[in-house]
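# What the coordinates show
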2 protein chains.
Amino acid sequence: MESKYPRIAVDVSGGDHGAAALVPGAIKAAKSRPMALKLVGKQEEIKQELSKLNLEGIDYEIIHANEVADMDDKPSHIMRKKKSTSVQMACELVKEGFADGVVSAGNTGMTLACGIFNLGRIKGIERPGLAAFLPRKEHPLVLIDVGANVDSKPRHLVQFAVMAEVLARDVLDVQEPRVGLLNIGEEQGKGNAQVNEAQPLMEKTSLNFVGNVEGREVFAGDVDVAVCDGFVGNIALKLSEGLGVTFSSILKSELKRGVFSKLGALLASSAFKRFRKTLDYEEHGGAPLLGLNGTVFVCHGSAGSKAVSKAMDMTAKFIEKEANEDIKRNLEANPEITRFKRLKKFLYPGSREQGGEEEEHAES
Amino acid sequence: MESKYPRIAVDVSGGDHGAAALVPGAIKAAKSRPMALKLVGKQEEIKQELSKLNLEGIDYEIIHANEVADMDDKPSHIMRKKKSTSVQMACELVKEGFADGVVSAGNTGMTLACGIFNLGRIKGIERPGLAAFLPRKEHPLVLIDVGANVDSKPRHLVQFAVMAEVLARDVLDVQEPRVGLLNIGEEQGKGNAQVNEAQPLMEKTSLNFVGNVEGREVFAGDVDVAVCDGFVGNIALKLSEGLGVTFSSILKSELKRGVFSKLGALLASSAFKRFRKTLDYEEHGGAPLLGLNGTVFVCHGSAGSKAVSKAMDMTAKFIEKEANEDIKRNLEANPEITRFKRLKKFLYPGSREQGGEEEEHAES
């Protein structure tokens, strides 16, 4: 590291609000935790947003990006044709050693593609996974994968687990994160083929694997990390978000009916504020894309400056704790879950394990 | 029908509360809507519960069941060894024409197995699907499948849709139910192989198919029916339930902090009551097992008498509207989604469709 602080490249062009959310969010974060900002996007937009803010003591730099990635652009198109988009350039800054991590509120698929292309995957990880933080009474729950992949193989689920366990430990400060496999019942043999094959693989790892967990139990605090396929995770997450919005809106409209309710709502307003804060997905920051040779956090498209700031804070913590190094150590401790090992076992079933963590992994 | 009222066989042994929830729930339902009750279970338990209730004008009958199905029993064991369990006997009552439908709070897998064994499937339906009602501001959302199957084939999703559309129409009184495919994005081509193959099949049906829907949109009222694989649906449903419980408990504990909040909560208590009522899964009744030659509703294991009563009410409505006949009509209108048709097309690719709805379908 050049700087003693985490250097974060912020793609300010993404999301529903663009620079108007990303720039103030980044500045806010840099005021509460030391970090160096590389603001990547249209120079004039960034300058305009900066002009509204107090920048005293902030270590920042503007990196002008010519092009903007549209939400409709295919990732492959961006990679080939639009090389100077902000998300591409932010990833390149990490690749070239000018930054330690990326925060983006753009299209997840695009960020993933740029991340893989520029940074590559951590040796032993076949598929990067997108993790999300879900609100709970105590520390949030880590849910992985919430949509970086669909149709994952059982061993991919185990790789997700190995990465998310580090996230819970390093970013949420959970001592020995308990890892569960999201399933439709707790008994062994429940669920689909994917989960049934993943379970014995999970049991072989050094993780604190507690077995199958049901969607209801994860909120009761039975686990710190819940692992599932990206299709399942994405749908479950969005359904929960939708339900959360529905809950709030129903409560709001109920509290507006009648004088007593209105008065009561007024009196209890600080309680409601705290309530909303716990539930607010914004409070729980971004979603880390785990498994890349570099730190990449994705914010919700609708993220406001508060959510961006929280994501920046988590990104900085992830970098400071050198979480990716911990992921590598976790993989070394569990060589059987990487593809190469499986291939080797298949090709030479009689050969003994040699702890060959140093060997090349086949990359798909 | 012998009786002019729906005759419902109630398996009172299932669920966390057994007869203590099922019997009063059934009696409550029979007071608000005309129905004939066949209470199936341990005679002494039923009599004890009945002795606490006002039975004036209730048309009921006790059918003694010797054996109880344990939650740990495998369905196959029940079918072969424990033939006189309450759930088996309740299904047999329908099979033999003594009842029109079954309500059970027992193990879903067991109820499904007994249902298939005794009643068989509707011609053209390969896999019965479990539907659930999710709370929304307007009428509830129908989500199908929430766990009757795992690893469904694309055409099974279409069969679920055809059945759930009838449910929304007949039981929720939605005029032209809009049907969506639960997916991780709205664009075509998004999602896993299963959903991608289901989409063109859906488009060919006579359903009001609106395309892919995301988990967040289903609560905004964009669709009336959301279709997904049973594994996805079960996890999403339970995660949502867990989040709902978490929400309520966080709100409760926040409202207990401080005098103003407590007072406010007291003043707004009627608003909270209405709020909880909307969110309460109990209010939305049981989950219908669609696709059987007979009406079968499953209550949540934790269902109290209120939930049971609501499920009974919906079961009666399902029977009165002859929803299973509507499902058959829906299938006849969409012959291409049944397996036989696919096989035929495969075997004789040149042959023209002859609308052969009357022909035998291969049953798996």
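The following paragraphs examine the structure supplied in this document.

Cut-offs used in this document
Residues numbered from 1 in each chain as written. Chains lettered and ligands numbered in written order. Predicted model: local features only at pLDDT ≥ 70, side-chain atom pairs only at ≥ 80, totals over all residues. Heavy atoms only, no water. Helix = DSSP H or I, 4+ residues; strand = E, 2+ residues; numbered from the N terminus. Buried < 20%, exposed > 50% of the residue type's maximum accessible area, 1.4 Å probe, protein only. Pairing = 2+ DSSP bridges. Axes fitted to C-alpha atoms, helices over the stretch in contact; angles between N-to-C directions. Contact = heavy atoms within 4.5 Å. Buried area = accessible area lost by both parts, 1.4 Å probe. Salt bridge = Lys/Arg side-chain N within 4 Å of Asp/Glu carboxyl O. Least-squares fit on C-alpha atoms with pLDDT ≥ 70 in both. Arc of directions from axis to C-beta. Lys, Arg positive; Asp, Glu negative; His and termini not counted. Polar contact = N/O pair within 3.5 Å; in protein donor to acceptor, adjacent residues only side chain to side chain.

What follows deals with unusual backbone geometry. Residues and elements named next belong to chain A. Residue I144 is joined to D145 through a cis peptide bond whose omega torsion reads 0°. Its location among the elements puts D145 in the loop between β6 (141-144) and α6 (154-170). The backbone of D151 shows a phi angle near 55°, a positive value even though the residue is not glycine. Looking at the element boundaries, D151 is found in the loop between β6 and α6. A relative accessible area of 39% places D151 in the partly exposed class.

Residues and elements named next belong to chain A. Spatial ordering of the open sheet is given by β3-β2-β1-β4-β11-β10-β5-β6-β9-β7-β8, a layout of 11 strands whose pairing is mixed. In this open sheet, the two edge strands, each paired with only one partner strand, are β3 (59-64) and β8 (208-213). Going from strand to strand, the sheet's axes swing by 25° on average, the running direction of each strand aside. In this sheet, β6 lies alongside strand β5 (residues 129-134) in antiparallel orientation, the contact comprising 4 bridges. Its bridge partner lying in β6, A131 is registered against I144. In the packing of helix α12 (residues 305-320) onto the sheet, contacts are made with β1 (7-11), β2 (36-41), β4 (101-104), β5, β10 (287-290) and β11 (295-298), and the angle to β11 comes to roughly 160°.

Residue-level contacts link 55 residues of chain B with 55 residues of chain A. Buried surface at the junction of chain B and chain A, summed over both partners, amounts to about 5200 Å²; 74% is from carbon and sulfur atoms. The interface formed by chain B and chain A includes 2 salt bridges. The salt bridge involving E214 of chain A is made with K238 of chain B; its shortest N-O contact spans 2.2 Å.

Take chain B, turn it by 180°, move it 0.0 Å along the axis, and it overlays chain A with an RMSD of 0.0 Å. Both copies of the chain, as the preceding transformation shows, are related through a two-fold rotation axis. Using C-alpha coordinates, one finds that chain B approaches the rotation axis most closely at G264 of chain B, a distance of 1.8 Å. Counting the interface residues of chain B, we find that 100% of their copies in chain A are interface residues as well, pointing to one common contact surface.

Next up on the list: helix α7 (residues 193-204) of chain B. Along α7 of chain B, the positions that sit buried rather than exposed are Q194, V195, A198, Q199 and M202 of chain B. All buried residues of α7 of chain B lie within an arc of 135° about the axis, which places them on one face of the element. Its buried side turned inward, α7 of chain B meets α9 (230-255) of chain A together with α6 (154-170), β7 (178-182), β8 (208-213) and β9 (225-227) of chain B.

Looking now at the side chain of D229 of chain B. Residues and elements named next belong to chain B. Checked against the element boundaries, D229 lands in the loop between β9 and α9 (230-255). We note that D229 is buried and unpaired, the nearest opposite charge coming from R127 at a distance of 7.2 Å. A polar contact of 3.4 Å, which involves the side chain of D229, links it to the backbone nitrogen of D151. One polar contact links the side chain of D229 to the main-chain amide nitrogen of S152, over a distance of 3.0 Å. Contacts of D229, omitting those with residues within four sequence positions, involve D145, V150, D151, S152, L157 and Q194.

Another point: the environment of N149 of chain A. Residue and element names in this part refer to chain A. Turning to its location among the elements, N149 is positioned in the loop between β6 and α6. With 19 residues separating them in the primary sequence, N149 and L130 have C-alpha atoms 8.3 Å apart. The residues contacting N149, other than those within four sequence positions of it, are R127, P128, G129, F160, G230 and F231. There is a polar contact of 2.9 Å between the side chain of N149 and the backbone oxygen of P128.

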